[in-house]
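Structural description and commentary
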Protein chains: 2
Amino acid sequence: MTAMPVQAAPYSPADDFSSADGELLINGLKVSRVAAMAGRTPFYAYDRSRIEARVGLLRSLLPAGVQLHYAMKANPMQALVGFMAQRVDGLDVASSGELRVALDAGMAPSRISFAGPGKRADELRQALAAGVLLNVESAREVELLASLSEESGWPARVAVRINPDFEMRASGMRMGGGAKPFGVDAEAVPALLRRIGGLGLAFEGFHLYAGSQNLNAESLIDMQRRSFDLMLRLADEAPAMPKILNLGGGFGIPYFRNDHPLALEPVCEALACIVEEVSTKLPGAELVLELGRYLVGEAGVYICRVIDCKVSRGQKFVVVDGGMHHHLAAAGLFGQVVRRNYPVVVANRIGAPSNGQVNVVGPLCTPLDVLADKVDLTEVHPGDLIAVFQSGAYGFSSSPTAFLGHPEPAQLLV
Amino acid sequence: MTAMPVQAAPYSPADDFSSADGELLINGLKVSRVAAMAGRTPFYAYDRSRIEARVGLLRSLLPAGVQLHYAMKANPMQALVGFMAQRVDGLDVASSGELRVALDAGMAPSRISFAGPGKRADELRQALAAGVLLNVESAREVELLASLSEESGWPARVAVRINPDFEMRASGMRMGGGAKPFGVDAEAVPALLRRIGGLGLAFEGFHLYAGSQNLNAESLIDMQRRSFDLMLRLADEAPAMPKILNLGGGFGIPYFRNDHPLALEPVCEALACIVEEVSTKLPGAELVLELGRYLVGEAGVYICRVIDCKVSRGQKFVVVDGGMHHHLAAAGLFGQVVRRNYPVVVANRIGAPSNGQVNVVGPLCTPLDVLADKVDLTEVHPGDLIAVFQSGAYGFSSSPTAFLGHPEPAQLLV
């Protein structure tokens, strides 16, 4: 058995995965064996070695002193968060549910931060009890937090999430700039900082998340620079020296034909300049990068089994036991404007010649249940395994798994 | 307390809901009381009286002899299916999970049918054990079914799902015509019928589902006529006289401004002609209508609570404790090409004057989490309840409720 690169027809990043005897390897294990370990199809498999390699790459390029956080929203699977908790410097949570997973994973509360535009009172109380950092996002939240803190006697640790006065170019999704529900408009931050001081809350820093899924290094560099400059300006008005400057994330991964991987080196080099400035202008403060998709997205594959191969009026349909109910994004329904195919291969026929175009569809009675539209695949038969790459982030957790009453997919950290 | 019609700003069908003391009434109960009964927000509430009225309306207009089925995929909540099972003539299921709910609801297996383009062997076996009708959708399925039936000794009851040689105009989603994964191309049906006869399976009829969410009566009438004519033609080739002619559904409900409710009378009148023809041309056969959304969609509301009201750069944001994770369709992410607002009101301030435009957004850290974009609402404050109408179908069950780790919404049959 010799490892050879996978020829993932429509998309090159899948070439990173190796194969043996025509089978896709997931952390060295053949896909048919992983399927047997899962005990059923469909399943998501997350490759530990690929996560490890991604964290290692970042550690090797990031300037010393930059804290690497994992944004759990990308993939909150408990085992994966536990694996990650031993490798990153902090976890970012977006709900009290995620907070519980982060704490169970053994991350120190001092290294957990909680952001979200609509935190409920019970969530704020849980966060106070746990002692995590709250990225506050409105005046109401600050007042509520102060009263909950007084009532409980648990001190509130706060950072202010800023809605910047600029936008991030080339971003898949913008979460800052203009009118937004996220954070506090930059121009309203000084007044809020005074209020935080007046209420005696422990001010720890700033958070700014301008956008996500960005493949353009220049745009990321520009965003980080502007974010830092804005924080520097606002620090003058803060009730205490900031200790945490969370620049957000937004590092994208390539999904589609013609997408190019992010050039990491220039982004890290530009960060080194900011680190330098921090040491002179805001000594004692730490820069934080908060990455989700970039850490886990490329480490995951979604595997389903072929149930039927049909021809309808000249088109071939490969009907599989998974689909949009398990992987909404691959079906093109997770905010995409135009549906494009995620990279897909027949995972047990790697290296076989192309056998022409097929449609890979799921078992649901809806035309929305499409995993790949007019894609070139090798020969394929019932029982074969189909792999959807780039599925480690915003897959399982962002899909309507109960839709039409089919079983949930399994999840494995391999 | 006097009932008065709700002035649901952007959308008239919500006028059907009454109010008292400024509160939306759900089957006669004030929304604040229903919220207290739910024990939490957000929740879905399905109004028994509205479901009952819709079934009654159909019964009063449908010609005698037309069987009314409920397509569970629209809303598989166990209690609702149980309520429905006592009021309709059959249930249509789309998975073995839905099959279990249908059986638990007490529907006789003889009145349950199972369709789906990719039925797994274990699902077919469950269906055989239960004795329900299988709408077969491929040659492979017929062979597999025959061997499972022989193996188990349980007879297979089959109807053939036809992929027609026409398309339904004006349909929200097309599921027949052209190249499709659903059913068997009309031109391939005769050969399949011969094979069914040869295998000795009990042939019971035909199923044809051309499309869904159609508000155009003329198009539905045309589709039903063509479907019946096709079945009549194919019946000549069948191994037995068909007993069941399932014409599908596709009856739409109005969601958006400028949508007009379906004119039910002409559709039912046209069905009367078909019933007449059935009695002479295919005596003993029953016409079946399979409706999901049309039976329950307008009976349901999604209720969430306002957490925060923010202004960002001149725009007002009403942040609620529910959103896209509970109601993907209202967020515009369930196959819609252009995002449009579902009808939304402040459910505890019915009749209050408009207070200008706001954006109603959820608690998630994503710009996709929008329930209403630039909608006119009355005055609104934290603690108020927001109602999203037309939420009885494809709401809870088709949403990624685990996304970002927030609690699931409750569901109540009121």
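Remember, it's a predicted structure, so these values are computed and weren't measured experimentally.

Now for the overall build of chain A. When helices and strands are tallied, chain A shows 10 helices and 23 strands. Taking 22 Å as the expected radius of gyration for a compact globule of 414 residues, we find that chain A reaches 23 Å, a close match to that expectation. Principal-axis analysis of the C-alpha atoms gives chain A an extent of 70 × 45 × 35 Å. Scored against the burial criterion, the 414 residues of chain A give a buried share of 63%. Put simply, of all contacts in chain A between residues at least 6 apart along the chain, 70% involve residues at least 24 apart. Accessible area of chain A: about 14000 Å², with a carbon and sulfur share of 51%. Distance from the positive charge centre (37 side chains) to the negative charge centre (43 side chains) of chain A: 4 Å.

On to the interface of chain A and chain B, then. Across the contact, 66 residues belong to chain A and 66 residues belong to chain B. Buried surface at the junction of chain A and chain B, both sides included, amounts to about 5000 Å², of which 62% is carbon and sulfur. Where chain A touches chain B, the interface holds 4 salt bridges. Here B:Asp308 and A:Arg140 are joined by a salt bridge, their closest N and O atoms 3.0 Å apart. For the pair chain A and chain B, the number of links is 34 residue pairs in polar contact (both at pLDDT 80 or more). Secondary-structure elements contributing two or more residues to the side of chain A that touches chain B are helix H4 (96-104), strand S10 (157-163), strand S11 (171-174), strand S17 (300-312) and strand S18 (315-320) of chain A. Here the side of chain A that touches chain B takes 5 residues from S17(A), the largest share from any one element. Residues belonging to the side of chain A that touches chain B are distributed by class as follows: 30 nonpolar, 19 polar and 17 charged.

Here the focus is the packing of aromatic side chains. Residues and elements named next belong to chain A. Taken as a whole and judged by the stated rule, the model has 24 aromatic pairs over all chains. By the ring-pair criterion, three or more aromatic residues cluster together here, those being Tyr44, Tyr46, Tyr302 and Phe396. When the ring centre of phenylalanine 83 is taken as origin, the NZ or CZ atom of arginine 87, which lies over that ring, is 3.6 Å away.

Attention now moves to the pattern of salt bridges. Tallied over the full model, the rule gives 43 salt bridges over all chains. Across the salt bridge formed by A:Asp122 and A:Arg120, the nearest N and O atoms sit 3.0 Å from each other. The class of A:Asp122 is partly exposed, set by a relative accessible area of 40%. On the basis of relative accessible area, A:Arg120 is assigned to the buried category, the value being 15%. Between B:Glu187 and A:Arg313 there is a salt bridge, and its shortest N-O distance comes to 2.8 Å. With one member in each of two chains, B:Glu187 in the loop between strand S12 (184-185) and helix H7 (189-199) and A:Arg313 in the loop between S17 and S18 form a pair that bridges those chains. Residue classification places A:Arg313 among the partly exposed positions, given a relative accessible area of 28%. Through salt bridges that share partners, A:Lys119, A:Glu137, A:Arg140, A:Glu141, A:Arg161 and B:Asp308 make up one connected network.

A separate point is the domain arrangement of chain A. Residues and elements named next belong to chain A. One can read the domain layout of chain A as domain 1 (3-47 + 299-413) and domain 2 (76-291). Distance from the C-alpha centre of domain 1 to the C-alpha centre of domain 2: 34 Å. Contact between domain 1 and domain 2 buries roughly 1200 Å² in total, counting both sides, with carbon and sulfur atoms accounting for 68%. The interface formed by domain 1 and domain 2 includes 0 salt bridges. Between domain 1 and domain 2 we count 1 residue pair in polar contact (both at pLDDT 80 or more) in total. Among the elements that line the side of domain 1 that touches domain 2, the one with the most residues is strand S23 (residues 410-413), at 3 residues. Taken together, the residues of the side of domain 1 that touches domain 2 sort by class into 9 nonpolar, 4 polar and 1 charged.

With that settled, consider the relation of the copies chain A and chain B. The operation relating the two chain copies consists of a rotation about an axis and a shift along that axis. Overlaying chain A on chain B yields an RMSD of 0.0 Å, the required transformation being a rotation through 180° with an accompanying axial translation of 0.0 Å. Accordingly, the operation relating the two chain copies is best matched by a two-fold axis. Among all C-alpha atoms of chain A, that of A:Pro400 lies closest to the rotation axis, at 1.9 Å. With an isologous cut-off of 70% or more, the 100% of interface residues of chain A that recur at the interface of chain B puts this contact in the isologous class.

So, on to the pairing of strand S5 (residues 43-46) of chain A. Residues and elements named next belong to chain A. The two faces of S5 match: Phe43 and Ala45 on one face and Tyr44 and Tyr46 on the other face are all buried. As paired elements, S5 and S17 share 4 bridges and run antiparallel to each other. When the sheet's bridge partners are listed, tyrosine 44 is paired in S17 with tyrosine 302.

In terms of nonpolar packing, the biggest core is built from 239 residues, with A:Tyr70, A:Phe206, B:Tyr70 and B:Phe206 touching the most fellow members. If near-sequence neighbours (up to four positions away) are discounted, B:Tyr70 is found in contact with B:Asn75, B:Leu80, B:Val81, B:Met84, B:Val88, B:Gly90, B:Leu91, B:Asp92, B:Leu291, B:Gly292, B:Leu295 and B:Val296.

All names here are of chain B. With 14 residues, helix H2 (residues 48-61) extends 20 Å between its outermost C-alpha atoms, agreeing within 8% with the 20 Å of an ideal straight helix rising 1.5 Å per residue. Along H2, the positions that sit buried rather than exposed are Arg50, Ile51, Arg54, Val55 and Leu58. Along the axis of H2, the buried positions cluster into a sector of 135°, meaning they face one direction only. The inward-facing, buried residues of H2 contact strand S6 (66-71), helix H3 (78-85), helix H9 (264-281), strand S16 (286-291), helix H10 (293-296) and strand S23 (410-413).

Residue and element names in this part refer to chain B. Considering all chains together, one arrives at 0 disulfides over all chains under this definition. Left without a disulfide partner, cysteine 273 is nearest to the cysteine sulfur of cysteine 268, which lies 12 Å away. What makes cysteine 273 partly exposed here is its relative accessible area of 45%.

Conventions and cut-offs
Numbering of residues starts from 1 in every chain and runs along the sequence as written. Just so you know, chain letters begin at A and ligand numbers begin at 1, following the order they were written in. Residues qualify for local features only when their pLDDT is at least 70, as the model is predicted, and side-chain atom pairs are given and counted only at 80 or more; totals for whole chains, interfaces and linings, by contrast, use all residues. As a convention, hydrogens and water are excluded, and side-chain values are obtained from all of the structure's heavy atoms. Runs of E in the DSSP output that reach at least two residues are strands. Runs of H or I that reach at least four are helices, and both are numbered from the N terminus. Radius of gyration here uses only the C-alpha atoms, and the compact-globule reference equals 2.2 Å multiplied by the residue count raised to the power 0.38. Think of it in three bands: residues with accessible area under 20% of the maximum for their type are buried, residues over 50% are exposed, and the middle band is partly exposed, with areas taken using a 1.4 Å probe on protein chains only. It only takes one pair of heavy atoms within 4.5 Å for two residues to be counted as in contact. We get accessible surface area from the Shrake-Rupley algorithm with a probe of 1.4 Å; when it comes to residues, only the shown protein chains can shield them. Only four residue types enter the tally: Lys and Arg on the positive side, Asp and Glu on the negative side; His and the chain ends are excluded. To locate a charge, take atom NZ for lysine, CZ for arginine, CG for aspartate or CD for glutamate. Buried area is calculated as the accessible area (1.4 Å probe) missing from two parts once they are joined, with the contributions of both summed. What makes a salt bridge here is a side-chain nitrogen of Lys or Arg within 4 Å of a carboxyl oxygen of Asp or Glu, nothing more. Polar contacts, as used here, are pairs of N or O atoms within 3.5 Å; protein pairs need one atom able to donate a hydrogen and one able to accept it. Residues neighboring in sequence count only if both atoms are side-chain atoms. In the scheme used here, Gly and all other residues not listed as nonpolar or charged are polar, with Ala, Val, Leu, Ile, Met, Phe, Trp, Tyr, Cys and Pro taken as nonpolar and Asp, Glu, Lys and Arg as charged. Pairing of aromatic rings covers Phe, Tyr and Trp, the last counted by its six-membered ring, and requires centre-to-centre distances within 6.5 Å; plane angles under 30 degrees mean stacked, over 60 mean edge-to-face, and any other angle means tilted. Criterion for a charge above a ring: Lys NZ or Arg CZ within 6 Å of the ring centre, and within 35 degrees of the ring normal. Each domain span listed reflects an automatic or database assignment of domains. We superpose the copies by least squares over the C-alpha atoms of residues that have a pLDDT of at least 70 in both of them. Here the rule is simple: two strands pair whenever DSSP picks up at least two bridges between them. The nonpolar core is taken to be a set of buried Ala, Val, Leu, Ile, Met, Phe, Trp, Tyr and Cys residues, with the residues joined through side-chain atoms within 4.5 Å. Each residue after the first adds 1.5 Å to the expected span of a helix. The directions from the helix axis to the C-beta atoms are what the arc is built from. Cysteine sulfur atoms that pair up within 2.5 Å are treated as a disulfide.

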